[in-house]
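Here's the letter readout for the chains.
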Amino acid sequence: MDTTKKKLTDTQLRIVQIILGVVSAAALAVSIFLPGVLKLPADSLLNYTFVVIFLVIMMGRRAIENKYRLRLNLFSMVLMIGLFGAIIFFIGNSLYAAEANGLTKLDGSIKILIIVGLWAVFAGLGVVFPILRYLKRKALGTLPSIRLPEPQEPAEEEAPAEDPNRPLTMEEKIAAMTNELDNNEKKDDEDQNEK
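Please read these numbers as outputs of a predicted model, since none were measured by experiment. (Residues numbered from 1 in each chain as written. Predicted model: local features only at pLDDT ≥ 70, side-chain atom pairs only at ≥ 80, totals over all residues. Heavy atoms only, no water.)

Q: Looking at this model, I keep getting lost on a nonpolar patch on the surface. Mind explaining?
A: On the surface, Leu45, Tyr48, Val51, Phe54, Leu55 and Met59 cluster together into a nonpolar patch covering about 650 Å² of accessible area. For Tyr48, the position within the fold is in the loop between helix 1 (10-38) and helix 2 (49-68). (Patch = residues over 30% accessible without salt bridge, like charges linked within 9 Å, V, L, I, M, F, W, Y side chains within 5 Å. Areas by Shrake-Rupley, 256 points an atom, 1.4 Å probe, with all protein chains shown as cover. Salt bridge = Lys/Arg side-chain N within 4 Å of Asp/Glu carboxyl O. Helix = DSSP H or I, 4+ residues; strand = E, 2+ residues; numbered from the N terminus.)

Q: Where do I start with the environment of Glu65 in this structure?
A: Looking at where Glu65 falls in the secondary structure, it is placed in helix 2. The class of Glu65 is buried, set by a relative accessible area of 10%. Note: C-alpha distance between Glu65 and Leu148 (83 residues apart in sequence) is 8.9 Å. Looking at Glu65, its side chain comes within polar contact range of the side chain of Arg62, at 2.9 Å. (Buried < 20%, exposed > 50% of the residue type's maximum accessible area, 1.4 Å probe, protein only. Polar contact = N/O pair within 3.5 Å; in protein donor to acceptor, adjacent residues only side chain to side chain.)

Q: Which parts of the structure should I look at to understand the layout of surface pockets?
A: Vacant regions in the atomic arrangement are exposed by a probe of water-molecule size rolled over the atoms. A volume near 660 Å³ is recorded for the largest pocket. Along the wall of the largest pocket there are 22 residues; nearest its centre are Arg14, Leu74, Met77, Pro130 and Tyr134. With 8 residues, the top contributor of residues to the lining of the largest pocket is helix 4 (residues 108-140). Among the residues forming the lining of the largest pocket, the class breakdown is 13 nonpolar, 5 polar and 4 charged. Taken as a whole, the second largest pocket holds about 560 Å³ of empty space. In terms of lining, the second largest pocket is formed by 24 residues, of which the most central are Leu13, Ile64, Tyr68, Arg69 and Leu70. (1 Å grid on protein atoms, 1.4 Å probe; cavity = no way out; pocket = protein on both sides within 12 Å on 5 of 7 lines; lining within 4 Å. Points joined across faces, edges and corners; volume = space filled by probe spheres on them. Nonpolar A, V, L, I, M, F, W, Y, C, P; charged D, E, K, R; others polar.)

Q: I tried to follow the pattern of salt bridges on my own but got confused; where do I start?
A: Side chains bearing opposite charge may pair, as long as their charged atoms lie close to each other. Here the structure, examined in full by the defined rule, presents 3 salt bridges. In this structure, Arg147 and Asp10 form a salt bridge, with 3.6 Å as the shortest nitrogen-oxygen distance. A residue pair is termed long-range when its members are at least 10 positions apart, and Arg147 in the loop between helix 4 and helix 5 (170-194) and Asp10 in helix 1 qualify at 137 residues. By relative accessible area, Arg147 is classed as partly exposed at 25%. Of the charged contacts in the structure, one is a salt bridge between Arg61 and Glu65, with a shortest N-O distance of 3.2 Å. Taken together, the residues Arg61 and Glu65, both in helix 2 and 4 residues apart, mark about one turn of the helix. In this structure Arg61 comes out as buried when scored by relative accessible area, which is 15%.

Q: What exactly am I supposed to notice about the nonpolar core here?
A: In a soluble, globular protein the nonpolar side chains are often hidden away together inside. One finds Leu13, Ala25, Leu28, Ile57, Leu70, Leu72, Phe75, Leu79, Leu83 and Ile146 forming the largest nonpolar core, which totals 10 residues. Of all the secondary structure elements, the ones that give two or more residues to this core are helix 1 and helix 3 (73-95). Apart from residues no more than four positions distant in its own chain, Ile57 is found in contact with Ser24, Leu28, Phe75 and Leu79. (Core = buried A, V, L, I, M, F, W, Y, C linked by side-chain atoms within 4.5 Å. Contact = heavy atoms within 4.5 Å.)

Q: Looking at this model, I keep getting lost on helix 3. Mind explaining?
A: One full turn of an α-helix is made of 3.6 residues, so residues set three or four places apart face in the same direction. For helix 3, with 23 residues, the first-to-last C-alpha span of 33 Å sits near the 33 Å given by 1.5 Å per residue. By the burial criterion, the buried members of helix 3 are Phe75, Ser76, Val78, Leu79, Leu83, Gly85, Ala86, Ile88, Gly92, Ser94 and Leu95. Those residues of helix 3 that are buried lie in contact with helix 1, helix 2 and helix 4. (Expected span 1.5 Å × (residues − 1).)

Q: When you look at the environment of Trp119 in this model, what are you seeing that I'm missing?
A: Within the secondary structure layout, Trp119 lies in helix 4. Under the relative-accessibility criterion, Trp119 is labelled partly exposed at 38%. On a C-alpha basis, the gap between Trp119 and Gly85 in space is 8.0 Å, while along the polypeptide they are 34 residues apart. The contact partners of Trp119, leaving out residues within four places of it in the chain, are Gly85 and Ile88.

Q: Would you take a moment to explain the packing of helix 1 against helix 2 for this structure?
A: When two helices pack together, you describe them by how their axes are tilted relative to each other and by the distance separating the axes. Relative to each other, helix 1 and helix 2 sit at 165°, their axes nearing to 8 Å. By the angle between their axes, helix 1 is roughly antiparallel relative to helix 2. As helix 1 packs across helix 2, the resulting crossing turns out to be left-handed. On helix 2, the residues touching Ser24, Ala27, Leu28, Ser31, Ile32 and Leu34 of helix 1 are Thr49, Phe50, Ile53, Phe54 and Ile57. Its residues assigned to classes, the contact of helix 1 with helix 2 comprises 8 nonpolar, 3 polar and no charged. (Axes fitted to C-alpha atoms, helices over the stretch in contact; angles between N-to-C directions. Parallel < 35°, antiparallel > 145°, perpendicular 65-115°, else oblique. Left-handed = near helix turned anticlockwise from the far one by under 90°.)

By themselves, these figures tell us nothing about what the structure is for.
Written out as structure tokens, the structure is:
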């Protein structure tokens, strides 16, 4: 049986991050629309599902980064793009809602301009700009690895530079006393041999 761990390649990790980002953004989007669709009262606990799901996603992301030493920047970017898309959908839904409010009273052409403008910003900043940046980094060879380098164990402490004026540590004092005792014993032995 092979005991080595099978590791995913950087490309596979990027695909997994994109899939998890889309799923997480969808879960957050559903949690935004859930109270409105179910027409929940203001004191219902289900109104806080967005906060709970958001905390679970962020804590899970941090745990995965620490445990597997991965950079999950792509996951975060896909999550933000998905949330921005959900917000645009939410705004579009509010513009054409059945209830009368300030947004539904706007002229039809203004509503279309708002939606098209938001989607243009979304497409430009959320999709095209990140893709161009990725391709540029890939062409220059400056694309950072998804895996973080393993932490290096600290090297053994080097012996402190010999400074005669510095105070001695406890270990140095003990070593000096031991050397002095050894030297005294050798002198005594030599004196007895001479006699």
